[in-house]
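Structural features, examined
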Amino acid sequence: MTNPISITVIDAFTDQPFAGNPAAVCLLDRPAPEVWMARVAGEMNLSETAFLFPEGAGYRLRWFTPKLEVDLCGHATLAAAHLLWSEGHLAESEPARFETKSGPLTARRVDGSIALDFPALPCKEAGISPSVIDAIGTRADAIRGVGISTFDWLIELATERHVDFLLPNMPVLAEIPVRGIIVTAPSRRPGVDFVSRFFAPKSGVPEDPVTGSAHCVLGPYWAQRLGKRDMVGYQASRRGGTVRVRLVGNDRVELIGQAVTMLRSTLLHGSESVGEVSSVG
């Protein structure tokens, strides 16, 4: 008989409960079928559910939205690392090492926060159609820059106020063939360099509360504009969250934030499916 499976919900990129981005983390002792992971993620209905199990010198880590598997996720990686340390699976002095679809990723404890070593994802200049401008919920004269990265579009608006008051047309945005849309502007908040919001209805996440992987794009983008390599971003969703971004060399970024454990639960049905044939991918 399969042992009960624990699922922990952790608010990431915040030091306060009920803020940041909640991720469900499922620590397994072996691989699980993709269909089972997708069903669990759909049941949790959060931006991402992370599944990890021991592999080599670390852990294999996969991320699922309620709709599909994604190649890179910052907040659920931060949540997974937080769980490993807080539940004693790793000593706090030991880094968390993950093998993922985006290659090896690591996390380490730094002055009470967690620093993620992630790939930098700079964007290239791109055009934008009037229909997309309308779908985002802004005006053409508010746009200061447009770029496209590995996964997402990035659109810079003139002011933080423009970002705050966006009312996107989600069905239209869902037709755009990218993972998501990053909308950003310079910040007027004390101690914050830029603000952003992230919309990914195509991936099953209409608006993500705090998107670590989007800061892999925002870091290089704002570093070039501000002439800084160490910055603070605030994601201006309803829940809100803070990501400190530090450029490391030419191709890596550190994403630094905190996390709060909110809920521990046990999966009562379906855990026997973990013993079925699986694909690691």
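Report follows, based on the coordinates. (Residues numbered from 1 in each chain as written. Predicted model: local features only at pLDDT ≥ 70, side-chain atom pairs only at ≥ 80, totals over all residues. Heavy atoms only, no water.)

**Details of the overall build of the protein chain**
Helix and strand content of the protein chain: six helices and 18 strands. On C-alpha atoms alone, the protein chain measures out to a radius of gyration of 18 Å, which is about the 19 Å that the 2.2 N^0.38 rule sets for 281 residues. Within the protein chain, the proportion of its 281 residues that are buried is 54%. If you take every contact in the protein chain between residues at least 6 apart in sequence, the share linking residues at least 24 apart comes to 63%. (Helix = DSSP H or I, 4+ residues; strand = E, 2+ residues; numbered from the N terminus. Rg over C-alpha atoms; globule rule 2.2 N^0.38 Å. Buried < 20%, exposed > 50% of the residue type's maximum accessible area, 1.4 Å probe, protein only. Contact = heavy atoms within 4.5 Å.)

**Section: the side chain of Thr138**
Relative to the assigned elements, Thr138 resides in the loop between helix 3 (130–136) and strand 10 (143–148). Residues in contact with Thr138, not counting those within four places in the same chain, are Ile133, Leu157, His162 and Leu166.

**A word on the pairing of strand 13 (residues 194–200)**
Of all seven residues that make up strand 13, seven are buried, and the element is covered over most of its length. Every second residue of strand 13 is oriented toward a common face, with Phe194, Ser196, Phe198 and Ala200 on one face and Val195, Arg197 and Phe199 on the other, all of them buried. Two strands pair when backbone bridges link them, and strand 12 (residues 180–186) and strand 13 are joined in this way by six bridges, in the antiparallel orientation. Paired with Val183 across the bridge in strand 13 is Arg197. Note that strand 13 and strand 15 (residues 230–235) share three bridges and pair parallel. Paired with Ser196 across the bridge in strand 15 is Gln235. Inspection of the sheet shows strand 13 paired to strand 14 (residues 205–208) by three bridges, in the antiparallel sense. Across the sheet, Phe198 pairs through a bridge with Asp208, a residue of strand 14. (Pairing = 2+ DSSP bridges.)

**Section: the layout of surface pockets**
One number sums up the size of the largest pocket: a volume of about 260 Å³. Forming the boundary of the largest pocket are 15 residues, of which Trp36, Arg39, Val40, Leu267 and His269 lie nearest the centre. Listed by contribution, the elements that provide at least two residues to the lining of the largest pocket are helix 1 (34–44) and strand 18 (259–267). Of all the elements, helix 1 adds the most residues to the lining of the largest pocket, at six residues. By residue class, the composition of the lining of the largest pocket is seven nonpolar, five polar and three charged. (1 Å grid on protein atoms, 1.4 Å probe; cavity = no way out; pocket = protein on both sides within 12 Å on 5 of 7 lines; lining within 4 Å. Points joined across faces, edges and corners; volume = space filled by probe spheres on them. Nonpolar A, V, L, I, M, F, W, Y, C, P; charged D, E, K, R; others polar.)

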